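The lines below spell out each chain.
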Amino acid sequence: MKLDPFYLIVDSAAWIERLVPLGVGLVQLRIKNMDEGRLRAEIRKAKALCARHECQLIVNDHWRLAIEERCDFVHLGQEDLQAADLPAIRTAGIKLGLSTHDHAELQTAMAARPDYVALGPVYPTILKKMKWAPQGLERVRAWKGAVAPTPLVAIGGLNPGRLDGIFEAGADSAAVVTDITLNPDPEARTREWIEKTDPWR
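What you see is a predicted model, and the numbers here were worked out from it, not measured in a lab. (Residues numbered from 1 in each chain as written. Predicted model: local features only at pLDDT ≥ 70, side-chain atom pairs only at ≥ 80, totals over all residues. Heavy atoms only, no water.)

## Describing the environment of Pro 121
Here Pro 121 lies in the loop between β6 (116–119) and α7 (136–147). Spatially, the C-alpha atom of Pro 121 lies 6.0 Å from that of Gln 135, the residues being 14 residues apart in sequence. (Helix = DSSP H or I, 4+ residues; strand = E, 2+ residues; numbered from the N terminus.)

In structure tokens:
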């Protein structure tokens, strides 16, 4: 399986409506702390928008709703993985991405036969407090050696200036949140990411 090298992560269908039409090919809908009715509506809207623009949608965490709404990709963190019904996810034909931060989590993730593995944070990140130090490019290289041919997603502190190093170290895709959503001009930054990742498509 090949992932788009530009992996956008946003917290609403409104962001998807705003940025995906610019040419985004891969986006994760990552919503925390929302009631199920509103969450289902967000997933439905995101799915319709992504279908219209030929963009791959990945639903974060909410695997039951992803099954019910016939989505085709979910991403789980390690805690969510422990509680998830992997056979039900597979039976529904849903692909699976998993987060990892250390070797123990990598072993757990690979045992679940994921469709991609994410490693982070590669660089310092402001998105959330992490108990893990920045991993660095050497860890990206090591992870790629351990997971290949499974695609590897790098996340954490990424910006366009760091992308060449990330891909040269072996990452297949670079995930981004705040470098775009907190940018004064998210549309222009999105276009910059698309242009910068184009050689890796």
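## Remarks on the sheet that holds β6
Spatially, the eight strands close up into a barrel ordered β1-β2-β3-β4-β5-β6-β7-β8, and their pairing is parallel. Across the sheet, the mean angle from the axis of one strand to that of its neighbour is 25°, orientation sign disregarded. Here strand β1 (residues 6–10) runs beside strand β8 (residues 173–176); their pairing, made up of three bridges, is parallel. In the sheet register, Leu 8 faces β8, and the bridge partner there is Val 176. Taken strand by strand, helix α2 (residues 36–52) contacts β2 (26–29) and β3 (56–60), and its axis lies near 160° from that of β3. (Pairing = 2+ DSSP bridges. Axes fitted to C-alpha atoms, helices over the stretch in contact; angles between N-to-C directions. Contact = heavy atoms within 4.5 Å.)

## Considerations on the pattern of salt bridges
Opposite charge on two side chains allows them to pair when their charged atoms are near. Applying the stated criterion to the full structure yields 16 salt bridges. Here Asp 35 makes a salt bridge to Arg 38, at a shortest N to O gap of 3.8 Å. A salt bridge links Arg 40 to Glu 36; its shortest N-O distance comes to 3.2 Å. On the criterion of helical spacing, the pair formed by Arg 40 and Glu 36 is a turn pair, its members being four residues apart in helix α2. (Salt bridge = Lys/Arg side-chain N within 4 Å of Asp/Glu carboxyl O.)

## Quick notes on the nonpolar core
By size, the foremost hydrophobic cluster in this structure holds 55 residues, and its most contacted members are Leu 8, Ile 16 and Val 27. The element that contributes the greatest number of residues to this core is α2, accounting for five residues. Counting residues in hydrophobic clusters, the runner-up holds eleven residues, among them Leu 26, Ile 58, Phe 73 and Ala 175. (Core = buried A, V, L, I, M, F, W, Y, C linked by side-chain atoms within 4.5 Å. Buried < 20%, exposed > 50% of the residue type's maximum accessible area, 1.4 Å probe, protein only.)

## Observations regarding the pairing of β2
Here β2 shows two buried faces, one formed by Leu 26 and Gln 28 and the other by Val 27 and Leu 29. Pairing of β1 with β2, which is carried by three bridges, proceeds in the parallel orientation. Bridge pairing in β2 places Ile 9 opposite Gln 28. Following the backbone out of β1, through helix α1 (residues 13–19) and into the adjacent parallel β2, one traces a crossover that is right-handed. Pairing between β2 and β3: four bridges, direction parallel. Each bridged residue has a counterpart across the sheet, and for Val 27 the counterpart in β3 is Leu 57. Where the polypeptide runs from β2 across α2 and back to β3, its parallel neighbour, the crossover connection is right-handed. (Right-handed = clockwise from strand over helix to strand, strands pointing away.)

## Overview of helix α10 (residues 186–197)
End to end, α10 covers 16 Å across twelve residues, agreeing with the expected 16 Å (1.5 Å per residue, within 8%). Residues of α10 that are buried include every one of Pro 186, Arg 189, Thr 190, Trp 193, Ile 194 and Thr 197, and no others. Down the axis of α10, the smallest arc covering the buried residues is 140°, so these residues share one side. If you follow the buried residues of α10, they end up packed against β1, α1, α8 (163–168), β8 and α9 (178–181). (Expected span 1.5 Å × (residues − 1). Arc of directions from axis to C-beta.)

Any functional reading would require information beyond the geometric quantities listed.
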